[in-house]
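Close look at the chain arrangement
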Amino acid sequence: MKTPGFWYRPEATAAARLLAPAGALYDAASRLRRAWVTPQRAPVPVVCIGNLVAGGAGKTPVALALARRLAEIGIAAHTLSRGHGGSLAGPVRVDPAVHGAAEVGDEPLLLARAAPAWVSRDRPAGARAAAAAGAALILMDDGFQNPSLAKDLSLLVVDGPVGFGNGLVLPAGPLRETPEAGLKRAGALVVMGRDQAGMAALAARHGLPALGARLVPAPGDVARLRGRRVLAFAGIGRPQKFFATLAELGAEIVGRIAFPDHHAYTPDEMMRLVETAQERGAVAVTTEKDQVRLPPAARPMVEALRVDLAWDDPVALDAVLEPVVRRVLHASRP
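A brief report on the enclosed structure follows. It should be emphasised that the depicted structure is a prediction, and the values quoted were computed from it without experimental measurement. (Residues numbered from 1 in each chain as written. Predicted model: local features only at pLDDT ≥ 70, side-chain atom pairs only at ≥ 80, totals over all residues. Heavy atoms only, no water.)

1. Digging into the overall build of the protein chain
Selection criterion: Strands here are runs of E lasting at least two residues and helices are runs of H or I lasting at least four, both read from the DSSP assignment and numbered beginning at the N terminus. Put simply, the radius of gyration uses C-alpha atoms, and a globule should come to 2.2 Å times the residue count raised to 0.38. Categorising residues by exposure relies on relative accessible area from a 1.4 Å probe, with only protein chains included: less than 20% of the type maximum marks a residue as buried, more than 50% marks it as exposed, and the intermediate range marks it as partly exposed. Note on definitions: a residue-residue contact is assigned when non-hydrogen atoms from the two residues lie within 4.5 Å. In this charge count, Lys and Arg are treated as positive and Asp and Glu as negative; neither His nor the chain ends contribute. We put the charge of a Lys on NZ, of an Arg on CZ, of an Asp on CG and of a Glu on CD.
When helices and strands are tallied, the protein chain shows 12 helices and 13 strands. The C-alpha radius of gyration computed for the protein chain amounts to 20 Å, which stays within 12% of the reference 20 Å derived for 334 residues, consistent with globular compactness. For the protein chain, the spread of C-alpha atoms along the three principal axes comes to 60 × 50 × 40 Å. Taken over 334 residues, the protein chain has a buried fraction of 51%. Counting only contacts in the protein chain whose residues sit at least 6 apart along the sequence, the fraction spanning at least 24 positions is 74%. The protein chain carries 39 positive and 31 negative side-chain charges, and their two centres are separated by 4 Å.

Spelled out as structure tokens, the structure:
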């Protein structure tokens, strides 16, 4: 689905107020599920990268950055995802040479570039499979609201400019649960981009560290796209973030086309997009996450903007990870 515009308006609209009772039922059902389910403990520590909202907060870039940081300090981390949009229930280790987004989803294909990636709708089973294959630590991309697997550390990712939107629970707003409930189970808040919604202050009130981070376009892509005419399209949680990034790096945007999150592109759609770009003297540009969902024949005709995650304070990140890292390193000693 596309993100409803009223979710991120500062005050509740008539539509949000009308849906508020349904949101209260959704929240009650989620609380009941967490209360009834006893989390299973994985053979190795589990770090969950989750969020409190539906849609694009930036969890996967954070998981990629953590996988690379853990590799730097010698920890064999594997990633674990549900595989949203994929047909395979798992547990299965993702092989980009064999699997496509239709089988394993888009995010696991990106995660597999940084570390061994697993897809499993049964999270405990996926964690056991990863540990049996040599994982010393599990990075779980999403699943914060899934109570089936115990977490040793949970990092909540939030989009700094918009925060928690109108503050209401689905479907009245973007929240999967209330901030009060979610922050009690978190170890830190990762604030992506400019903190215009007071997220660092909220974290401080709950006694949590706030880790600032931002997505930075790859230098080569900045040079390649600056000044070029581009037809921008994206099927992510908040496509406007992608469009804004292209504008900031100096691309001349001749069209902005938003699709629902995890949209599966058809060959006909791609032909129309490429033809439209050509008619406007432009090149079609999308995100890396969208690129893996394109029909293979269309990929050479579309360019993707690569982004990296930069931490405002890497030392603060290491301090948050330190208890889990110490436990992994201790377990590896003979």
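2. What about the packing of aromatic side chains?
One pair of aromatic rings is described through two measures. These are the centre distance and the angle between the planes. The condition is simple: Two aromatic rings from Phe, Tyr or Trp, using only the six-membered ring of Trp, form a pair when their centres are within 6.5 Å; if the ring planes differ by under 30 degrees the pair is stacked, by over 60 it is edge-to-face, and anything between is tilted. Here, a charge over a ring is recorded when the distance from Lys NZ or Arg CZ to the ring centre is within 6 Å and its angle to the ring normal is within 35 degrees.
Per the counting criterion, the structure on display carries four aromatic pairs. Seen from their ring centres, phenylalanine 259 and tyrosine 265 are 5.1 Å apart, and the 80 degrees between their planes marks the pair as edge-to-face. Through successive ring pairs, a cluster of aromatic residues spans Phe233, Phe259 and Tyr265. Over the face of the ring belonging to tyrosine 8 we find arginine 238, whose NZ or CZ atom lies 5.7 Å from the ring centre.

3. A word on the pairing of strand β10 (residues 252-258)
Heads up, the rule is: What makes two strands pair is DSSP finding at least two bridges between them.
Relative to β10, strand β9 (residues 229-234) is paired through six bridges, and the arrangement is parallel. If you follow alanine 232 over to β10, its bridge partner there is arginine 256.

4. Here's the deal with the sheet that holds β10
One key point about sheets: their strands pair by backbone hydrogen bonds, in either a parallel or an antiparallel sense. Definition in use: Angles here are taken between N-to-C directions and fall from 0 to 180 degrees, while the axes themselves are lines fitted to C-alpha atoms, restricted in helices to the stretch in contact.
Reading across the sheet, the four strands line up as β10-β9-β11-β12 and stay open at both edges, with parallel pairing between neighbours. Single-partner strands in this sheet number two, and they are β10 and β12 (302-305). With strand direction ignored, the average angle separating the axes of adjacent strands in the sheet is 30 degrees. The pairing of β9 with strand β11 (residues 283-287) spans three bridges and is parallel. For valine 230, the partnering residue across the bridge sits in β11 and is valine 283. Against the sheet, helix α9 (residues 239-248) makes contact with β9, β10, β11 and β12, and its axis sits at roughly 160 degrees relative to β9, the strand it touches most. Along the sheet, helix α10 (residues 267-279) makes contact with β9, β10, β11 and β12, crossing β9 at roughly 155 degrees.

5. So, unusual backbone geometry
For residues other than glycine, phi is negative in most cases, and the peptide bonds are mostly trans. With an omega dihedral of 5 degrees, the bond running from glycine 90 to proline 91 counts as a cis peptide bond. Backbone torsion omega between leucine 170 and proline 171 reads 0 degrees, so that peptide bond is classified as cis. Tracing the chain through its elements places proline 171 in the loop between β6 (153-159) and α6 (179-184). Positive phi outside glycine occurs at aspartate 142, with the angle close to 75 degrees. Along the chain, aspartate 142 turns up in the loop between β5 (137-141) and β6. Despite not being glycine, histidine 262 has its phi angle at roughly 65 degrees, a positive value.

6. Examining the nonpolar core
Where we set the bar: Residues belong to one nonpolar core when they are buried, are Ala, Val, Leu, Ile, Met, Phe, Trp, Tyr or Cys, and are joined through side-chain atoms within 4.5 Å.
Judged by nonpolar contacts, the single largest core of 70 residues is most densely connected at Val62, Leu66, Leu137, Leu139, Val190 and Trp311. Per element, the largest residue contribution to this core is seven residues, and it comes from helix α2 (residues 59-72).

7. Things to note about the sheet that holds strand β7 (residues 188-192)
With mixed pairing, the nine strands of this open sheet are ordered in space as β3-β4-β2-β5-β1-β6-β7-β8-β13. With partners counted over all chains shown, the strands left at the sheet margins are β3 (92-93) and β13 (307-311), one partner each. Pairing between strand β1 (residues 46-50) and β5: four bridges, direction parallel. Of the residues in β5, the one forming a bridge with isoleucine 49 is aspartate 141. On top of the sheet, helix α5 (residues 123-132) reaches β2 (77-81), β4 (117-119) and β5; it is set at about 155 degrees to β2, its chief contact.

8. A look at α10
Note the threshold: Each residue after the first adds 1.5 Å to the expected span of a helix. The arc in question is traced by the directions running from the helix axis to the C-beta atoms.
Over its 13 residues, α10 runs 18 Å from end to end, which matches the ideal 18 Å to within 8%, given 1.5 Å per residue. Among the residues of α10, Glu269, Met270, Leu273, Val274 and Ala277 are the ones counted as buried. Buried residues of α10, seen end-on, are gathered within an arc of 125 degrees and therefore sit on one face of the element. Set apart from the buried face of α10 by more than 90 degrees, the exposed residues are Pro267, Asp268, Arg272, Gln278 and Glu279. Of the residues one or two after α10, glycine 281 is the one with positive phi, at around 65 degrees.

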